[in-house]
Amino acid sequence: MKRPKLLDLFCCEGGASDGYRRAGYDVYGIDLFDKHTQRRYPFPSFKGDAILALARLLAGEFITFSNGEALSLADFSAIAASPPCQAYSITKHSHNNEHPDLVAPVRWLLKSTGLPYVMENVPGAPLVNPLTLCGTEFNLVAQDIDGRLLHLKRHRLFESNLFLVGNGGCQCAAFKRRGYGVGGAYGGGSVDRQHAKEVRRGGYTPPKPIREALLGIDWMTQNGLSQSIPPAYTEHIGRQLIEQIGRVAA
């Protein structure tokens, strides 16, 4: 049976893409890759501005991906997008860099396609009626190098023009009662647990192999891990997309 195609905009190194692949999609990613990140992205890709690329597709153009396929908007069954989140992140006040607010223009383009879409971002982003997912819903846990059990929090918001449900809701409080610590994959997190507790207040970032285990990812750079969506999240969402699209087609 032919697998439906999903276009993943702002795909980075492919965490969300891999979840949609697990759900049953053939995934094609678009981002402003550098030579290292595009090589690590595990699916056909196109290097370019995601907003401009989607505008080209809406205008009826074809885009040629790294595997040689030239695809139009009509070739895709759904679109996912993860616009840069720095404008809404809790760390936005810790630097002087200006970051554009891309949620509204991306939403407008996604709606213009007429396709099912999912847009992801961090808590605080202006998404409409979003679903919030947490790593504890998917039992994303790992053992630290000193034997302590860690769980992944990583709350992320998902807006869609289809109805999405979670996987039981955030269980962070329950994991804390069970003695789990929080392990993150933060870009500026501390590798010293005591420093994270007393100074950064929760920003503990364990060694890279532990972060990979928490996220369910083993092919990324450290920067890719810090930005990635756990594939378990988008596998859960992707299965819902396929089911609902299938019902409409029937």
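Residues numbered from 1 in each chain as written. Predicted model: local features only at pLDDT ≥ 70, side-chain atom pairs only at ≥ 80, totals over all residues. Heavy atoms only, no water.

**Some remarks on the nonpolar core**
Here is step 1: Ranked by size, the top nonpolar core spans 35 residues in total, and within it L6, Y20, I237 and L241 carry the most contacts.
Here is step 2: Contributions of two or more residues to this core are made by α1 (15-23), β6 (78-81), β8 (131-133), α7 (208-215) and α9 (231-249).
Here is step 3: Of all the elements, α9 adds the most residues to this core, at four residues.
Here is step 4: Beyond its immediate chain neighbours, meaning those up to four positions away, I237 contacts Y20, V118, L133, F158 and L164.
Here is step 5: Membership of the second largest hydrophobic core comes to 28 residues, among which are L7, F10, F46 and A53. (Core = buried A, V, L, I, M, F, W, Y, C linked by side-chain atoms within 4.5 Å. Buried < 20%, exposed > 50% of the residue type's maximum accessible area, 1.4 Å probe, protein only. Helix = DSSP H or I, 4+ residues; strand = E, 2+ residues; numbered from the N terminus. Contact = heavy atoms within 4.5 Å.)

**As for the environment of I51**
Here is step 1: Relative to the elements of secondary structure, I51 occurs in helix α3 (residues 50-58).
Here is step 2: Take I51: its relative accessible area is 22%, and that puts it in the partly exposed class.
Here is step 3: For the pair I51 and L102, spaced 51 residues apart in sequence, the C-alpha to C-alpha distance is 9.2 Å.
Here is step 4: Look past the residues within four positions of I51 in its chain and what remains in contact with it is F10, L102, V106 and L109.

**Some details on the sheet that holds strand β9 (residues 141-143)**
Here is step 1: Spatial strand order, β9-β10-β12: three strands in an open sheet with mixed pairing. Each edge of the sheet is formed by a strand with only one pairing partner; in this case those strands are β9 and β12 (181-182).
Here is step 2: As judged from the three bridges shared by β9 and strand β10 (residues 149-151), these two strands associate in the antiparallel manner. In the sheet register, A142 faces β10, and the bridge partner there is L150. (Pairing = 2+ DSSP bridges.)

**Some thoughts on the packing of α3 against helix α4 (residues 103-113)**
Each packed pair of helices is defined by two parameters, the angle between the axes and the distance between the axes.
Here is step 1: One way to put it is that α3 packs onto α4 with a least axis distance of 10 Å and a crossing angle of 25°. When the axes of α3 and α4 are compared, the pair comes out roughly parallel. Note on packing geometry: the crossing formed by α3 with α4 is left-handed. Within the contact between the two elements, α3 uses I51, L54 and L58 and α4 uses V106, L109, L110, S112 and T113.
Here is step 2: Of the residues that constitute the contact of α3 with α4, the class distribution is six nonpolar, two polar and no charged. (Axes fitted to C-alpha atoms, helices over the stretch in contact; angles between N-to-C directions. Parallel < 35°, antiparallel > 145°, perpendicular 65-115°, else oblique. Left-handed = near helix turned anticlockwise from the far one by under 90°. Nonpolar A, V, L, I, M, F, W, Y, C, P; charged D, E, K, R; others polar.)

**What to know about the state of the cysteines**
Here is step 1: Counted under the stated rule, the structure contains zero disulfides.
Here is step 2: Not part of a disulfide, C11 finds its nearest cysteine sulfur in C12, a span of 7.5 Å.
Here is step 3: Among the cysteines around C170, which has no disulfide bond, C172 carries the closest sulfur, lying 3.4 Å off. (Disulfide = S-S within 2.5 Å.)

**Digging into the sheet that holds strand β1 (residues 5-9)**
Here is step 1: Reading across from one edge, β3-β2-β1-β6-β7-β11-β8 is the order of the seven strands in this open sheet, with mixed pairing throughout. Each edge of the open sheet is held by one strand with a lone partner, namely β3 (45-47) and β8. Put simply, the sheet's adjacent strands are angled 20° from each other on average, direction ignored.
Here is step 2: Pairing geometry for β1 and β6, over four bridges, is parallel. Along β6, the bridge assignment pairs L7 with I79.
Here is step 3: Contacting β1, β2 (26-31), β3 and β6, α3 crosses the sheet at an angle of about 140° to β1.

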